[in-house]
Amino acid sequence: MGLIKRATKLQKNRFWFQAGFFTLFVLAPPLDLFRFDLTQNHFFFLGQHWTLGLDAFIAGEIGPGQAAFNLIFRGFLPIALVGGGLIWTAWRYGRLYCGWLCPHFSVVETINKLMVKASGKPSVWEKNPLPELQPNGTIQKPDRRLWPVTVLAALFFAFLWALSLLTYLLPPFEIYHNLLTASLTPNQMRFLGVGTGLLFIEFMFARHLFCRFGCAVGLFQSLAWMANDKGMVVGFDRKRASLCADCNNACDNACPMRLKPRSIKRKMFTCTECAQCISACDQVQAQQAGPGLLKWVEDLEALPVVTGRDANGKKPSPAAPPVRLRQPQAVTPANYREL
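1. Section: the pairing of strand β1 (residues 34-37)
Only one face of β1 is buried, namely the one carrying Arg-35 and Asp-37, since none of Phe-34 and Phe-36 on the opposite face is buried. The sheet contact formed by β1 and strand β2 (residues 42-45) spans four bridges and is antiparallel. For Phe-34, the partnering residue across the bridge sits in β2 and is Phe-45. What sits between the antiparallel neighbours β1 and β2 is a turn of four residues, in which Asn-41 has the positive phi angle 60°.

This is the structure in structure tokens:
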């Protein structure tokens, strides 16, 4: 029971991180926390005009020394701090930003969950439906009546994303006023229409595929992470691999990126460290009165996951004999003990 509570608490905490950052993503422009205003051709940051001061230099109001200082302090330094901080975090902890903060990935997970409830599959490209038996022992049957809710949710998030992106470029309250009074300019209407349409298609058909293959921010995080053999990674207790025989691949089914968490690191290149696989395994094994087989590992403990060798450069002791996992269709509630 303690494992189930821990798994639930971990995912609840992650949900609040995601919800908070998504709210910040939407409210940052109207609060002038961060945006680039095309009408004034400069940034706003924490309510202040953030310029490089080049206009003042051209007008002769400041000298070259002050202009160079402004360029470094207001231009290069913020980019270095934000970019460097993101890369260092990824090098040490993987794509933590993606799994815990990214406003796009939070939409990915939301639509995934709705699609599973509507069709039994997290994506239209999935070949087989997921098992109805959930990691916590409950049964979840697909309900096709939820398809309209899924489509409307994708459309809502697509419009909200397009609207938010537009407010990062034009004065937010002007956009909101024009929207509420049905007086959007032709260009504003085109941006919202095209943006909503493209994002709707992406949210419906290519959510995790975009995260895996199309997101530059995610790609650079993955490259930084792969460069560090001792970075945090999901480790699998192979000595207890036989316990997987009575499971329906709950960790694989829980992964929103459709990865195999029991694989080595190079096959988990796009892992977002969302820990849903860890939580699912904890819930399953809690019903067997044992600890989960998956956990975060780092430093020397991460080396076997990456290189197949321990801290001394030796191959780890042989794991339990390979277990042929049962197909999801063959799993029933009888495979699990009562809580």
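That shown, we press on.
2. Considering helix α10 (residues 216-226)
For α10, the full list of buried residues reads Gly-218, Gln-221, Ser-222, Ala-224 and Trp-225. All buried residues of α10 project into a common sector of 165° when viewed along the axis, lining one side. Residues of α10 that are buried sit in contact with α3 (64-93), α4 (96-100) and β4 (233-236).

3. Structural notes on the nonpolar core
Inside soluble globular proteins, nonpolar side chains tend to come together where they are buried. Membership of the largest hydrophobic core comes to 25 residues, with the highest contact counts inside it found for Phe-22, Val-107, Ile-111, Trp-161 and Phe-203. For this core, the secondary-structure elements that each account for two or more residues are α1 (2-27), α5 (103-119), α6 (147-167) and α8 (186-205). By residue number, the principal contributor to this core is α6, which donates nine residues. Other than its neighbours up to four places away in sequence, Phe-22 contacts Pro-103, Ser-106, Val-107, Phe-157, Leu-160 and Trp-161.

4. Details of the environment of Glu-273
Tracing the backbone through its elements, the reader meets Glu-273 in the loop between α11 (250-254) and α12 (276-286). When the C-alpha atoms of Glu-273 and Tyr-97 are compared, they prove to be 8.8 Å apart, with 176 residues separating the residues in sequence. In contact with Glu-273, not counting residues within four places along its chain, are Tyr-93, Gly-94, Arg-95, Leu-96, Trp-100, Trp-225, Met-232, Val-233, Val-234 and Trp-296.

What counts, and where the lines are drawn
Residues numbered from 1 in each chain as written. Predicted model: local features only at pLDDT ≥ 70, side-chain atom pairs only at ≥ 80, totals over all residues. Heavy atoms only, no water. Buried < 20%, exposed > 50% of the residue type's maximum accessible area, 1.4 Å probe, protein only. Helix = DSSP H or I, 4+ residues; strand = E, 2+ residues; numbered from the N terminus. Pairing = 2+ DSSP bridges. Arc of directions from axis to C-beta. Contact = heavy atoms within 4.5 Å. Core = buried A, V, L, I, M, F, W, Y, C linked by side-chain atoms within 4.5 Å.

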